[in-house]
Amino acid sequence: MADYVTLAEPYAQPRQQREADFLGMYVFLGTETMLFGALLALVYAYRVAHPEASQVAARHLKIWIATANTAVLLTSSLAVAIAVVAARHGKRRMVGVAFMIAVLLGLTFLGLKGWEYLQDFQEGLAPGIGAPSPLRHGPAALFLDLYFVATTLHAIHLTIGLGALSWVAAMVLRGKVDVPRQAVVVEMTGLYWHFVDIVWLFVFPIFYLARG
Amino acid sequence: MARELRLAVLVWLGLMALLATTVAVTFSPLGPIKPTLNLAIAALKAGLVLWVFMHLREQSALNRLAALFAVAWLAILVAMTLIDLGTRGVAAT
Amino acid sequence: MTAAPLLTPEERVSYLAAGSTLRSWLLTTDHKRIAILYLISITGFFFIGGLAAAMIRADLISPTHHFLTNEGYNRTFSFHGIVMVWFFLIPSIPATFGNFLIPLMIGAKDLAFPRLNLLSWYIYVLGGAFTVYVLIAGGVDTGWTFYTPLSTMFANGHVLAAAAAVFIVGFSSILTGLNFIVTIHKLRAPGMTWGRLPIFVWSHYATSIILVLATPVLAVTLVLLAAERLFHLGIFDPALGGDPLLFQHMFWFYSHPAVYIMILPAMGVVSELVAASAHKRLFGYWFVASASLAIAAVGFLVWGHHMFVSGQSRYASVIFSFLSLLVAAPSAVKVYNWTATLYKGDISLDPPFLFAMAFIGLFTIGGLTGLMLALLAIDVHVHDTYFVIAHFHYIMVGGAVTGFFGAMHFWWPKITGRLYSLTWGRIAAALIFAGFNFTFFPQFVLGYLGMPRRYHVYPPEFQVWHVLSSAGASILAVGYLLPFVYLIHSLRHGQPAGPNPWGAAGLEWTTPSPPPKQNFLTPPVVTKEAYAYPVAEDGDG
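Let us look at the structure shown here. (Residues numbered from 1 in each chain as written. Chains lettered and ligands numbered in written order. Predicted model: local features only at pLDDT ≥ 70, side-chain atom pairs only at ≥ 80, totals over all residues. Heavy atoms only, no water.)

## Notes on the interface of chain A and chain C
Thought 1: On the chain C side, the residues contacting the 27 residues of chain A number 34 residues.
Thought 2: Around 2,600 Å² of area is buried between chain A and chain C when both sides are counted, 76% of it from carbon and sulfur atoms.
Thought 3: At the junction of chain A with chain C, the criterion picks out two salt bridges.
Thought 4: Note that Lys109 of chain C is salt-bridged to Glu9 of chain A, the shortest N-O span being 3.2 Å.
Thought 5: Inspection of the chain A/chain C interface yields eight residue pairs in polar contact (both at pLDDT 80 or more).
Thought 6: Secondary structure elements with two or more residues in the side of chain A that touches chain C: helix H1 (14-49) and helix H5 (139-173) of chain A.
Thought 7: Broken down by element, the residue count for the side of chain A that touches chain C peaks at 15 residues, all from H1 of chain A.
Thought 8: Considered class by class, the residues forming the side of chain A that touches chain C number 18 nonpolar, five polar and four charged. (Contact = heavy atoms within 4.5 Å. Buried area = accessible area lost by both parts, 1.4 Å probe. Salt bridge = Lys/Arg side-chain N within 4 Å of Asp/Glu carboxyl O. Polar contact = N/O pair within 3.5 Å; in protein donor to acceptor, adjacent residues only side chain to side chain. Helix = DSSP H or I, 4+ residues; strand = E, 2+ residues; numbered from the N terminus. Nonpolar A, V, L, I, M, F, W, Y, C, P; charged D, E, K, R; others polar.)

Structure follows, in structure tokens:
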């Protein structure tokens, strides 16, 4: 009970299995760190190489939508953190409700992001879409290209997270995942979601706050 | 349980405060240190999320190392690429 | 001593006999069966990549008459590189022997995440399917390195499909590495301390760290390549302020450590083969173990040596050159330790020993020429020539593939429960060693004389070296094909193997051949150091 896992092969002790699960998830998040980190490192290299163009491009990004989205994601992380506490105490419904709130907030993020992309497209910030813009020439275009790649990659990871949160919430509410006996399932899902949040915490200053 | 929930809400409040701070820094006249400052604030936020929300404070030393190793390793990619970029224009004697 | 229940008669049945339906194989979570699934798939790709190599060598026999067009030649060597690097070399030892042996060597019942293990094989197969599509659709001409702006703007092959294939198979690597790291940390049997682990396990641990840290960078690099090609961005286009060299930085940040992914497992194999062949403790255990970690770590710091003539800053190049010289040191340490292990050992001239010797000789030549390439003054002249090709084939083929075949000849009795003809094994080892040198030593000469890589038209004075090389390749091919004959023959006609036909140390040799599904008849408790020789051989007193 205190280890929140149901013992399975090839493990001999629940504690051993729990530590393996956490180590495995952290190593996985380490790989994701390298994925996003390498991309953001590339962006940073371009900002250093083209400081003025990056600033000009950044000023066309929708900083207030992004600030709202940051608050939305941070709140979703709070909801997930509450869900994990609830799981450890066996509060099935609280887990389900907290996860669903996180899903709603995640959908809000995607909605705001979609609205933001629409405005970006109309202004011609994206390659080949919308009115021709002077920003699509030269190094400013590179900054914007990387902005689209990074935020799209993040949105894909977030969507996967939404799927995971919804599925686990359903499993917990239906009793297929038993809390607190199998709370580790909730914990692992939570770790992934928090990571998606952390990626955004870096995307936000590297792109939106580069306006100088 | 109430204690843990209260801690979570406190951390959230701290994160919100840091968000407000970073936006304020952006619009302030602090000049060239702004990017560095904003990255540091981001790291602080990430640290809070990791330490409390992701339960890093409960984990073994090994798991903590696993959580942070990649971040350290990224520094290699960034540093050595910047060495190339930064010294390309430098004339040889 | 744990009083664990002994296995039931059902549980004692070997993993091969436990379930004979296709479903029991395709839905298995048994690491031993997954290893066999991988073995079959990577062998298929070895053949495909080998056929491409045969076409290359055949086309190079004449300086002027070619059966491949220029474009066809470009696509052939590109396909050869992509298949051999990502679909053979990278998974070869880890996904087959690593999967099979790591739980056995540490005294565990399986890997930490058995279902993830099966998933990683299916991901490999999916990536493989994309590769086969690329082959049928006509291939790519960018080289295995996908350099921009050729790949993003000018290449008219199936770049996106090829990039997708590599992107997908990368996740197979990542999951395997993740599984190994957690397994080695968390599933060691009681008494199996880090200091008692076989070097094979240490090597795979170091390899796994590289797998999880480097492969994601390749993934995001390929995403950027695809985005650039699909949406005509300008990230790597100089006309728009982009920098093609940044692609190379990101690509080689993965691809240099990738070569250590390919060689470290083979070095782990050689440590086992040397100790077992000499029937003697491995000399300098902690030196060899730390050398594995050092190679993994320093291997991340040297990638710029692929870019000495690409426009990288001179100062960065100097730093990368220095670090590239440094990374040779831990490899040299291993060679010294193997040699010292053999000294005054009771040596059996069996195939595993011969393959280990071949490895040491060929790897040393490859390594020394690597030092030459690390020196800026030399590299400027031989970059993009056959000298480089010869260097990396000595390491990748002379080293890694030889290690793979050595592992095959050593653990075959354990995996299949059958002994094979040692005479034929010795013949194959000799043919591979001779054929390899005939194929690739002339290429050092060619490179020094100025023959560029990736060209099939060349001055007639180079022909004699190319003919020698192609002739050697035909001997090498026979050497590689022979084991398929006698090893598969042994499955039906080989003598049944006991638990320890070589008299080798290691937990895998204490369990029946082939092992039961649970790996051990009683859960092991480790009291001895690694390589605690002498060990009784099957049939001894």
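## A short note on a nonpolar patch on the surface
Thought 1: A surface patch of nonpolar side chains, amounting to about 260 Å² of accessible area, comprises Val9, Leu10 and Leu13 of chain B.
Thought 2: Relative to the helices and strands, Leu13 of chain B resides in helix H1 (residues 2-27). (Patch = residues over 30% accessible without salt bridge, like charges linked within 9 Å, V, L, I, M, F, W, Y side chains within 5 Å. Areas by Shrake-Rupley, 256 points an atom, 1.4 Å probe, with all protein chains shown as cover.)

## Overview of the interface of chain B and chain A
Thought 1: Taken together, the contacts link 41 residues of chain B with 47 residues of chain A.
Thought 2: Summed over the three residues of chain B that lose the most area to chain A, namely Met1, Phe53 and Met54 of chain B, the buried surface amounts to 16% of that side.
Thought 3: On inspection of chain B and its partner chain A, the count reaches one salt bridge.
Thought 4: For the salt bridge of Arg88 of chain A with Glu58 of chain B, the shortest nitrogen-to-oxygen distance reads 3.1 Å.
Thought 5: The interface formed by chain B and chain A includes four residue pairs in polar contact (both at pLDDT 80 or more).
Thought 6: When residues of the side of chain B that touches chain A are traced back to their parent elements, those giving at least two are H1, helix H2 (34-53) and helix H3 (61-87) of chain B.
Thought 7: Classifying every residue of the side of chain B that touches chain A by side-chain character gives 31 nonpolar, six polar and four charged.

## As for the packing of H1 of chain A against helix H6 (residues 183-207) of chain A
Residue and element names in this part refer to chain A.
Thought 1: Taken N-terminus to C-terminus, the directions of H1 and H6 make an angle of 10°; their axes are 11 Å apart at the nearest point. Relative to H6, H1 is oriented roughly parallel. When you trace H1 past H6, the crossing you get is right-handed. (Axes fitted to C-alpha atoms, helices over the stretch in contact; angles between N-to-C directions. Parallel < 35°, antiparallel > 145°, perpendicular 65-115°, else oblique. Left-handed = near helix turned anticlockwise from the far one by under 90°.)

## Regarding the environment of Ala390 of chain C
Residue and element names in this part refer to chain C.
Thought 1: With respect to the element layout, Ala390 can be found in helix H15 (residues 386-416).
Thought 2: Overall, Ala390 belongs to the buried group, its relative accessible area being 0%.
Thought 3: Separated by 29 residues in the primary sequence, Ala390 and Gly361 have C-alpha atoms spaced 14 Å apart.
Thought 4: With sequence-adjacent residues up to four places away left out, Ala390 is seen in contact with Phe440, Gln443 and Phe444. (Buried < 20%, exposed > 50% of the residue type's maximum accessible area, 1.4 Å probe, protein only.)

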